[in-house]
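A structural walkthrough
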Amino acid sequence: MTESAPVGAGRAAADRGRTTISDGVVEKIAGLAAREVVGVHAMGSGGGLARTFGAVRERVPGGAKQSVSRGVKAEVGEVQTALDLEIVVDYGVSIRDVARAVRENVISSVERMTSLEVVEVNIAVSDVKLPDEPDEGPESRLQ
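Let me sum up the structure you'll find in this document. (Residues numbered from 1 in each chain as written. Predicted model: local features only at pLDDT ≥ 70, side-chain atom pairs only at ≥ 80, totals over all residues. Heavy atoms only, no water.)

Description of helix α1 (residues 23–35)
Cut-off, in case you're wondering: Helix numbering and strand numbering both begin at the N terminus, where a helix is a DSSP run of H or I of at least 4 residues and a strand a DSSP run of E of at least 2. Each residue after the first adds 1.5 Å to the expected span of a helix. Think of it in three bands: with a 1.4 Å probe and only protein chains considered, a residue is buried below 20% of the maximum accessible area for its type, exposed above 50%, and partly exposed in between. Only heavy atoms matter for contacts: two residues are in contact if any of them lie within 4.5 Å across the pair.
An ideal rise of 1.5 Å per residue puts 18 Å on 13 residues; α1 measures up with 18 Å between its terminal C-alpha atoms. Buried within α1 are the following residues: Val-26, Glu-27, Ile-29, Ala-30, Gly-31, Ala-33 and Ala-34. Those residues of α1 that are buried lie in contact with β1 (40–43), β2 (72–76), β3 (80–90) and α3 (95–114).

In structure tokens, the structure reads:
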């Protein structure tokens, strides 16, 4: 005599499907984590003029993708991910210390939220925000 168990019996709920995480999700997590680090002024391309135009594009509806992932590129596999970040640092900070802190915070956040192993976080420092430079975001004319 053969007994049949109900479909799915004996299998954990976690084994009954597949979860995929897109590159964009990892990019957003990494972008937010990098911005949390003291000394990171901005993410993305370097020059002040480029930052200004980027800030303007982000304020225009449909003008640019969400700024939270700007300056972040992720390559996501089944169980691992690799990240490239481009940052602008504040003048006077130790770039080495900021890069270390960014790397640690990004790895911690991405691994905690996604369970993916972060195999590398490459950081390119593309500019330094000088104290006398105006902030890149133009003031809104609306009140």
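A few points about the nonpolar core
So the rule is basically this: Side-chain atoms within 4.5 Å link the members of a nonpolar core, which is a set of buried Ala, Val, Leu, Ile, Met, Phe, Trp, Tyr and Cys residues.
Ranked by internal contacts, the top residues of the largest apolar core, which has 21 residues, are Met-43, Leu-83, Leu-85, Val-98, Val-102, Val-106 and Val-110. Among the elements that line this core, the one with the most residues is α1, at five residues. Not counting the four nearest positions on each side in its chain, Val-102 is found in contact with Ala-34, Val-37, Val-40, Leu-85 and Ile-123.

Let's talk about the pattern of salt bridges
Inclusion rule: Basic side-chain nitrogens of Lys or Arg form a salt bridge, by our definition, when they fall within 4 Å of a carboxyl oxygen of Asp or Glu.
For the coordinates displayed, the defined rule picks out two salt bridges. Glu-78 is paired through a salt bridge with Arg-18; the nearest N and O atoms lie 3.0 Å apart. Linking Glu-78 in the loop between β2 and β3 with Arg-18 in the segment before α1, this pair joins segments that are 60 residues apart in sequence. Among the salt bridges present, the one from Arg-100 reaches Glu-104, with a minimum N-O distance of 3.6 Å. With Arg-100 and Glu-104 both in helix α3 and four residues apart, the pair spans about one turn of that helix. For Glu-104, a relative accessible area of 48% gives the class partly exposed.

A word on the packing of α1 against α3
Heads up, the condition is: Every angle, taken between N-to-C directions, lies between 0 and 180 degrees, and every axis is a line fitted to C-alpha atoms, over only the stretch in contact when it is a helix. Geometric relationships in this document are graded by angle, where less than 35 degrees denotes roughly parallel, more than 145 denotes roughly antiparallel, 65 to 115 denotes roughly perpendicular, and other angles denote oblique. Take the far helix as your reference; a near helix turned counterclockwise from it by less than a right angle gives a left-handed crossing, and one turned clockwise gives a right-handed crossing. Amino acids outside the nonpolar list (Ala, Val, Leu, Ile, Met, Phe, Trp, Tyr, Cys, Pro) and the charged list (Asp, Glu, Lys, Arg) are all regarded as polar, and Gly is one of them.
At their nearest, the axes of α1 and α3 sit 8 Å apart, and the two run at 140° to each other. Considered as vectors, α1 and α3 are oriented oblique to each other. Crossing of α1 against α3: the hand is right-handed. On the side of α1, the interface is formed by Val-26, Ile-29, Ala-30, Ala-33 and Ala-34, while α3 contributes Val-102, Asn-105, Val-106, Ser-109, Val-110, Met-113 and Thr-114. Tallied by class, residues from the contact of α1 with α3 come to nine nonpolar, three polar and no charged.

Regarding the pairing of strand β4 (residues 117–129)
Each regular strand shows side chains that alternate between the opposite faces of the sheet. Threshold: Should DSSP find at least two bridges between two strands, the strands are taken to pair. Convention used here: a crossover is right-handed provided that the path from the first strand, over the helix, to the second strand proceeds clockwise when the strands point away from the viewer.
In this sheet, β4 lies alongside β3 in parallel orientation, the contact comprising eleven bridges. Counterpart to Val-88 in the pairing with β4 is Asp-127. Where the polypeptide runs from β3 across α3 and back to β4, its parallel neighbour, the crossover connection is right-handed.

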